[in-house]
Every structure is written in structure tokens, then in C-alpha cells.
Amino acid sequence: MELDALDRALLRELQNDARQTNRDLAAKAGVSPSTSLERVRLLRDRGVITGYHAALDLDAAGRPVQALISVRIRPPARPVIEGFREWAARLPEVIGLFVTSGAHDFLIHIAVPDVDSVYAFVIDRLTERREVADVQTTMVYEHVQSRCIEPTSPDRPRSARRTR
């Protein structure tokens, strides 16, 4: 899917402030409000924009301690992997979940009130699951996250782009 300079400008501005008015968005992108409104609608219809979310400060939300937990599942069968994924994604401590390749099948990102809660999550939740064969926990000192994801430019060679 090709995104032109206007699409990229609108996406950049929306990622910086999704609550701004369409009039402000249009002014920042240098187009009329009707053009801005139509292009944003098309970006939603094409699935480029999937939603608008509030960003939380984990400290202020009472979850200042983060950890990344690698989990290996046995047996490595699709129903077992999918069942674990669905179960883990619903846990309130989980703020991100990746299905991975390599030595582990999952990387689970959690945010909790304290280090004891990390231990409780691993021992009381994960290791109680029959399919969990191995768990490795890494404490997060600092989480720096990109707030603005720049779409690839149209001049990038097609062979370097990921296709669906």
C-alpha cells in the first residue's frame, strides 16, 4: 500500500496528538479540512489507522516495575501455542506479548507494582501452567518507546518491503 507525503504527514501529526481537531490537523498538514477528513477516513478504511488510544504513565498508574519474560512451551503444537497466547494476553499484568522464534516461544512484557509482583507473576501464574517448560525473566531498567512510527517512503525498493 503506497502512502504519499500527505498521508505520512497526517499520520505523523495524529501520532503526536490524536485529539487535535481536524481543522488543526489540516493546518499542520497544509491542506483543507475537507481533504484532511477524507484522507484520514481513507487511512482508517485501508487499515493503516487501527484506533486511537490514551497513553498511560505506568508510574502514575501504580505499575512502575516492568519485566520481559521469555517462555518456552511444550509440546510446541499450534493448539498449545494459541491457547497459551490467548490466556496470557488476557492477564492484567501483561502490557505486551510477542510470539517469537528461537529458544523461546513467547516474550511477555509486564508492568506491576513491585518486584514481588514480578516473582508472583512468574511463580503463581506462569509456572503453574502445564505447558510452560522454561521461563527466563529480565528486569527492565528503562523503557524508551517510539511515539511516532514513520511509514516507509514510496521510493524504497519493492524488494526491501515486507509483503503480506
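As shown above, the structure is provided for reference.
Residues numbered from 1 in each chain as written. Predicted model: local features only at pLDDT ≥ 70, side-chain atom pairs only at ≥ 80, totals over all residues. Heavy atoms only, no water.

Asker: Account for unusual backbone geometry, naming residues and giving values.
Answerer: Cis geometry is adopted by the peptide bond preceding Pro75, which originates at Arg74 and carries an omega value of -5°. By the element assignment, Pro75 lies in the loop between β1 (65–73) and α4 (78–89). (Helix = DSSP H or I, 4+ residues; strand = E, 2+ residues; numbered from the N terminus.)

Asker: Talk me through α4; I want residue IDs and the actual numbers.
Answerer: The end-to-end C-alpha distance of α4, which contains 12 residues, comes to 16 Å, matching closely the 16 Å that a straight helix rising 1.5 Å per residue would cover. Buried within α4 we find Ile81, Phe84, Trp87 and Ala88. Buried residues of α4, viewed axially, fall in a sector of 135°; they line one side. Those residues of α4 that are exposed and aimed more than 90 degrees away from the buried face are Arg78 and Pro79. (Expected span 1.5 Å × (residues − 1). Buried < 20%, exposed > 50% of the residue type's maximum accessible area, 1.4 Å probe, protein only. Arc of directions from axis to C-beta.)

Asker: Describe the packing of helix α2 (residues 22–29) against helix α3 (residues 33–45), naming the residues involved and giving the relevant values.
Answerer: Contact geometry for α2 and α3: axes closest at 8 Å, N-to-C directions at 100°. In terms of orientation, α2 lies roughly perpendicular with respect to α3. Contact with α2, carried on its side by Asn22, Arg23, Leu25 and Ala26, involves Pro33, Ser36, Leu37 and Val40 of α3 and no other residues of that element. Broken down by class, the residue content of the contact of α2 with α3 amounts to 5 nonpolar, 2 polar and 1 charged. (Axes fitted to C-alpha atoms, helices over the stretch in contact; angles between N-to-C directions. Parallel < 35°, antiparallel > 145°, perpendicular 65-115°, else oblique. Contact = heavy atoms within 4.5 Å. Nonpolar A, V, L, I, M, F, W, Y, C, P; charged D, E, K, R; others polar.)

Asker: An account of the pairing of strand β3 (residues 106–112) is needed here, citing residue identities and associated values.
Answerer: For β3, a buried count of 6 out of 7 residues is recorded, marking the element as mostly surrounded by other parts of the structure. Of the pairings in the sheet, the one linking β1 to β3 comprises 7 bridges and is antiparallel in character. Directly across from Ser70, in β3, lies its bridge partner Leu107. The loop that links strand β2 (residues 94–99) with its antiparallel partner β3 comprises 6 residues; one of these, Gly102, has a positive phi angle of about 100°. (Pairing = 2+ DSSP bridges.)

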